[in-house]
Amino acid sequence: MMFVRSFLLSLFFLVFATPLHAATLAEYTFEDPQKAADFREVIDEMRCLVCQNESLAGSNAELAVDLRNEIFDMMTAGQGKDDVIRFMVARYGDFVLYDPPMKPSTYPLWFGPLVLLIIGALVLIRALRKKSVTQETELSNDEQQRLDTLLKQPSDSKDAKK
Amino acid sequence: MIPEIGHYALILALSLAIIQAIIPLAGSYTNTHSWMALSRPLVWGQLLFLTLSTIVLANAFLANDFSVIYVAQHGNTKLPDLYKISAVWGAHEGSLLLWAFLLAAWSAAIALFSRNLPLPVVARVLSVMGMISIGFLLFLLLTSNPFDRTFPVPFEGRELNPMLQDPGLAIHPPLLYMGYVGFSVAFAFSIAALLGGKLDASWARWSRPWTTVAWVFLTVGIALGSWWAYYELGWGGWWFWDPVENASLMPWLVGTALMHSLAVTEKRGAFKSWTVLLALFAFSLSLLGTFLVRSGVLTSVHSFASDPERGVFILIFLLVAIGGSLMLYAWRAPYISGGGRFDLISRETFLLGNNLLLSVLAGLILLGTLAPLIYDAMEWGKISVGFPWFNKMFVLLTPFLALLIGVGSISRWKHTDAAFLVKQLRVAFVVSLAFGLLTLLPLFSDGNLMVGLGMGLAMWVVTSHLVNVKERLKHKAGFNGFLRDLSGGGRSYYGMILAHMGVAMFIVGVTMVSNYGIEQDIRMSPGDTANIAGYDFKFEGVSEFPGPNYNAHRGRFLISKDGEQIAILLPEKRTYFVQTRPMTEAGIDWGLTRDLYVSLGESLGGGDWSMRLYYKPYIRWIWIASIFMGLGGLLAITDRRYRTARKRASSTSTLTAGSSTPAAAESHS
Amino acid sequence: MSRYLRFLVPLAIFAVIATFLFKGLDMNPREIPSPLIGKQVPEFSLPLLEQPDTQITNKDLLGKVYLLNVWATWCVSCRAEHETLVQLGRMNKVDIYGLNWKDERAAAQTWLRQLGNPYAANIFDKKGRTAIDLGVYGAPETFLVDAKGIIHYKHAGPVNPDLIRDKILPMVAELKKKG
């Protein structure tokens, strides 16, 4: 099964592709600089579907060029960023967005780091509380001696032991 | 016949690694001196054979021996010699060989610099290194042998990926791998300590310089990769949140946390079990990165020829190495003693806060990188997680890190008076706040809060450390006192200052370039002039220019400001003969306060070309920052207390220098 | 949490990650599920490949279960799957419509003459606009559409006899039964 998959994968890379096309973003000019910025932002934040991790802005694949043209036409016709996003998601799914949409299925993604931070902070606070009430358990004399002989030197960390 | 010698050397190295993994470890338990003493010669033997292997492969490239599949795939007679050498690690098999070689080199370094360590510790550490080596050598021999032959022999090789034909990228992988592999040393020390049941301050003291060196390599390696992406990809970006980049950033973040937590463990004997865990994670994440890049589970710009069969092998390797070490951890860590008491306001607390933030950052990168995979596996729908998500998360969390830096580095071990902190830092705080607000004025950013925040934080890092240095030098006799401090036990302290200044520079660079960077996509005819940020870019046309193994279109730009010419830029677009993919070489006029950047797009006919022109303010600061961090790390490891051999002679002077001003001595990093 | 249990947390986290990595080995990160499943075939009105003057629209295709195959002469794996499609056409179990994507008319006609024509008709999408509406991101792609014009299944990449026998034809039979 592994072999079959690796074979299919290599086939995919070899032949499942669209031709390259000389492309440039210089063709897209807007009168309104805000529109130009929006256009640039939206194609930067969209994933090219046929290429390895490239944005629509960065890809030279023919499909990417077509989609850029389509988006350009939409925006010159007065549609906004959100319209473009809706258009693309309806056809290619959330996969096309580098900026995942906020919805119940992406809550784990968006709030996961926050949860991680809160859990970490709680554990930290608990540990700190414990630390500030526990008894002094510095290196015992025996341990200190062993450390000193191991390092064959007087310890610098003495200054921490007032 | 020669490539077979390389292959044979790999097998011999594996045999030695197996012995190295078993005999010294067994000796450490049975207290058999001769078994333990075997570890050092075994390591040298391994290094010898792996060096031989690497040389054989390099020689095959130099001699254009296309009967070796790997050379046929990545070599070429026209390839310049430098790239024939770098082709050794330019693809999967060879880069694995480099891993194994560097692992042997690090092991040898331990063997060399461990005279002061008790033999059982050395034996255990080198045994663990041997186990890791077994994993990599098996991986090489079973799934990725770089010496495999092919018949009939091709007349010409398919050449190294043109993207990798660049001096920057030639040395990027070795540096990066030095970092990844370097974390194996801290890992091995931790495992050895868990096995031996001795986790004390001396363990932390031994681990520290090794961790710092690995961290320095990783820092510089990552920065080099970022710099390369900047001038080679033609998009003017310096970080793309690609899975491969993320794979290097995770161990870096955890390694950074580890360095700070090791400081606490060494100085105060605290956080031991946490520090051990970080050491295990730093290396585990390096291994995980290898898996992500080579197994094909994620799509990435850089991904190596991925192969699920290799994926299965690495996964098993991960299970044994990471799963095994975490099991050992779960078994032994409960018996690790707690360490010294400290108050809520103390350096320990702030360093723990730093550890929390760095770990959360590493955790969120892991989440973001694996999310597409997790969502697919759970059938929650296919998603992509790209730069917008990562940027948002980092912008939310990293400011707290910058705040903590200032407070943490000035506070004292065990207990710090809140009043002391306020007294020390109030000036720094007011200055930073004022500076941040100043940058909001219409003259500078016109109310761009991100600029205010970034510049305020950078100023905070700088001023709080100035106060810190002033406080340290208060009791030292002026400049001479500073010099004596620097030649004595103060180097790790000044290393910290230097590295933290790097952080400030980094913040400035990122803030400036992301808020004031200008980009223009434009069509130009020869003779046209475009103006960006006050600079005139005059396009003089494109001419053809032959390279050794490529043909280039080279554009010529005259850059001038106020009518005065300041630079000539020659951006190139190369088409390599063998791998016909076009590659860009940006034309860059670099400066401390700004880069001017031209990337050649496409020929539009009639001499016209599409261009991307950029104005990138302060972008150099991002990479210079990494040099500061690296130098800081290097300075820190030259600190006297690590040069244990020489210490005996100067022990009396250490004692007086170290304890004359307790307050200052306490703020050793 | 007990004193011992909490040291197992890292191991547990790793176990979860490793499980996902293991599952990941058998998944294809580049395959994108179509959001059009369960939705109507988008509206279009395009010329036929064979008769440039005749327009065909999505409404013309209503009333029967059919496969919509996206292909082009520049696409190497379309050639690889063509034989399979020809054989499927001979079985007469389901109509196949072609969407000739961003292609040259003459080249496409020659291709069909030389390699056989399994298609009931070919829609000539020179500009690729309908392909975008269909969420096509590469060729070949194959859609299964029911009599009401609703898309039930999409396969990206070349179809093979196994897929047709085990997946497509059973679905076709079921959709036809429903009417």
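Since we're looking at a predicted model, the values are computed, not measured. (Residues numbered from 1 in each chain as written. Chains lettered and ligands numbered in written order. Predicted model: local features only at pLDDT ≥ 70, side-chain atom pairs only at ≥ 80, totals over all residues. Heavy atoms only, no water.)

**So, the overall build of chain C**
And step 1. Tallying secondary structure elements over chain C gives five helices and seven strands in all.
And step 2. Overall, chain C shows an N-to-C arrangement of helices and strands of α-β-β-β-α-β-α-β-α-β-β-α.
And step 3. Rg of the C-alpha trace for chain C: 21 Å, well past the compact-globule value of 16 Å for 179 residues, more than 25% over.
And step 4. Structurally, chain C occupies a C-alpha span of about 80 × 35 × 30 Å along its principal axes.
And step 5. Burial analysis of chain C (179 residues in total) assigns 54% to the buried set.
And step 6. Residue pairs in contact within chain C that sit at least 24 positions apart in sequence constitute 71% of those at least 6 positions apart. (Helix = DSSP H or I, 4+ residues; strand = E, 2+ residues; numbered from the N terminus. Rg over C-alpha atoms; globule rule 2.2 N^0.38 Å. Buried < 20%, exposed > 50% of the residue type's maximum accessible area, 1.4 Å probe, protein only. Contact = heavy atoms within 4.5 Å.)

**Remarks on the domain arrangement of chain A**
Residues and elements named next belong to chain A.
And step 1. If you check the domain split of chain A, you get domain 1 (20-101) and domain 2 (102-133).
And step 2. Taking the mean C-alpha position of each, domain 1 and domain 2 sit 36 Å from one another.
And step 3. Residue-level contacts link four residues of domain 1 with five residues of domain 2.
And step 4. Of the roughly 350 Å² buried between domain 1 and domain 2, counting both surfaces, carbon and sulfur atoms make up 55%. (Domains from an automatic or database assignment. Buried area = accessible area lost by both parts, 1.4 Å probe.)

**Considering the sheet that holds strand 7 (residues 151-156) of chain C**
Residues and elements named next belong to chain C.
And step 1. Overall, mixed pairing links the five strands, which are arranged 5-4-3-6-7 in an open sheet. Single-partner strands in this sheet number two, and they are strand 5 (121-125) and strand 7. Going across the sheet, the axis of each strand differs from the next one's by a mean of 20°, ignoring polarity.
And step 2. One ladder, built from six bridges, connects strand 3 (residues 66-71) with strand 4 (residues 95-101); its direction is parallel. Directly across from Tyr-66, in strand 4, lies its bridge partner Asp-95.
And step 3. On top of the sheet, helix 2 (residues 76-91) reaches strand 3, strand 4 and strand 6 (141-145); it is set at about 160° to strand 3, its chief contact.
And step 4. Strands strand 3, strand 4 and strand 5 of the sheet are contacted by helix 3 (residues 105-115), whose axis makes an angle of about 120° with strand 3. (Pairing = 2+ DSSP bridges. Axes fitted to C-alpha atoms, helices over the stretch in contact; angles between N-to-C directions.)

**Digging into the nonpolar core**
And step 1. Leu-50, Leu-137, Leu-253, Leu-287 and Leu-318 of chain B together with Leu-21 of chain C are the most contacted members of the largest nonpolar core, which has 189 residues in total.
And step 2. Ranked by residues supplied to this core, first place goes to helix 13 (residues 347-377) of chain B with 18 residues. (Core = buried A, V, L, I, M, F, W, Y, C linked by side-chain atoms within 4.5 Å.)

**Overview of the pattern of salt bridges**
A pair can form between side chains of opposite charge whenever their charged atoms are brought close.
And step 1. Under the criterion given, the structure shown has 32 salt bridges over all chains.
And step 2. A salt bridge links Glu-266 of chain B to Arg-208 of chain B; the shortest N-O distance between them is 2.5 Å. Pair noted here: Glu-266 of chain B is in helix 10 (residues 243-268) and Arg-208 of chain B is in helix 9 (residues 201-232), with a separation of 58 residues, a long-range link. For the pair Glu-266 of chain B and Arg-208 of chain B, one class covers both residues: buried.
And step 3. Between Asp-589 of chain B and Arg-594 of chain B there is a salt bridge, with the nearest N and O atoms lying 3.1 Å from each other. Across the pair, exposure class does not vary: Asp-589 of chain B and Arg-594 of chain B are buried alike.
And step 4. Among the charged side chains, a network of salt bridges with common partners joins Arg-40 and Asp-44 of chain A together with Glu-519 and Asp-521 of chain B. (Salt bridge = Lys/Arg side-chain N within 4 Å of Asp/Glu carboxyl O.)

**What about helix 5 (residues 161-178) of chain C?**
Residue and element names in this part refer to chain C.
And step 1. With 18 residues, helix 5 should cover 26 Å at 1.5 Å per step; its first-to-last C-alpha distance of 25 Å lies within 8% of that length.
And step 2. Of all the bends in helix 5, the largest measures some 35° and sits at Ile-168, one to four residues before the proline Pro-170.
And step 3. Within the span of helix 5, buried status applies to Leu-163, Ile-164, Ile-168, Leu-169, Val-172 and Leu-175.
And step 4. Each element contacted by the buried residues of helix 5 is listed here: strand 3, helix 2, strand 6 and strand 7. (Expected span 1.5 Å × (residues − 1). Bend = angle between axes of the 7 residues up to and from the residue.)

**Observations concerning the packing of aromatic side chains**
Within a pair of aromatic rings, the relevant descriptors are the distance that separates the centres and the angle that separates the planes.
And step 1. This structure, assessed with the given rule, holds 42 aromatic pairs over all chains.
And step 2. Centroid distance Trp-239 of chain B to Trp-241 of chain B: 6.0 Å. Interplanar angle 85°. Geometry classified as edge-to-face. Like Trp-239 of chain B, the residue Trp-241 of chain B is buried in the burial classification.
And step 3. Among the aromatic residues, those joined into a ring-pair cluster are Trp-110 of chain A together with Trp-239, Trp-241, Trp-389, Phe-390 and Phe-394 of chain B.
And step 4. A cation over an aromatic ring shows up here: Arg-412 of chain B above the ring of Phe-420 of chain B, its NZ or CZ 4.3 Å from the ring centre.
And step 5. Residue placement shows Lys-561 of chain B over the ring face of Tyr-535 of chain B; its charged tip is 4.7 Å from the ring centre. (Phe/Tyr/Trp six-rings, centres within 6.5 Å; stacked < 30°, edge-to-face > 60°. Lys NZ or Arg CZ within 6 Å of the ring centre and 35° of its normal.)

**A few points about the state of the cysteines**
All names here are of chain C.
And step 1. This model, assessed by the stated rule, comprises one disulfide over all chains.
And step 2. For Cys-75, the disulfide goes to Cys-78, at an S-S distance of 2.2 Å. Here the S-S torsion is close to 95°, and the disulfide linking Cys-75 with Cys-78 is therefore right-handed.
And step 3. Looking at Cys-78, the relative accessible area reads 2%, which means it is buried. (Disulfide = S-S within 2.5 Å.)

**A short note on the packing of helix 6 (residues 92-112) of chain B against helix 9 of chain B**
Residue and element names in this part refer to chain B.
And step 1. It is at 13 Å that the axes of helix 6 and helix 9 come closest, and there the two elements cross at 150°. As judged from the angle between their axes, helix 6 and helix 9 are roughly antiparallel. Once helix 6 is placed against helix 9, the crossing between them reads as right-handed. Judged by residue contacts, Trp-106, Ala-109 and Ile-110 of helix 6 engage Trp-210, Val-213, Ala-214 and Phe-217 from helix 9.
And step 2. Class assignment for the residues of the contact of helix 6 with helix 9 results in seven nonpolar, no polar and no charged. (Parallel < 35°, antiparallel > 145°, perpendicular 65-115°, else oblique. Left-handed = near helix turned anticlockwise from the far one by under 90°. Nonpolar A, V, L, I, M, F, W, Y, C, P; charged D, E, K, R; others polar.)

**Focus: the sheet that holds strand 8 (residues 587-589) of chain B**
Residue and element names in this part refer to chain B.
And step 1. Taken in spatial order, the four strands make up an open sheet running 1-10-9-8, and their pairing is antiparallel. Each edge of the sheet is formed by a strand with only one pairing partner; in this case those strands are strand 1 (518-524) and strand 8. Within this sheet the neighbouring strands show an average axis-to-axis angle of 20°, counted without direction.
And step 2. Looking at chain direction, strand 9 (residues 594-605) and strand 10 (residues 608-617) are connected through nine bridges and run antiparallel. Counted as the bridge partner of Asp-595 is Lys-616 from strand 10.

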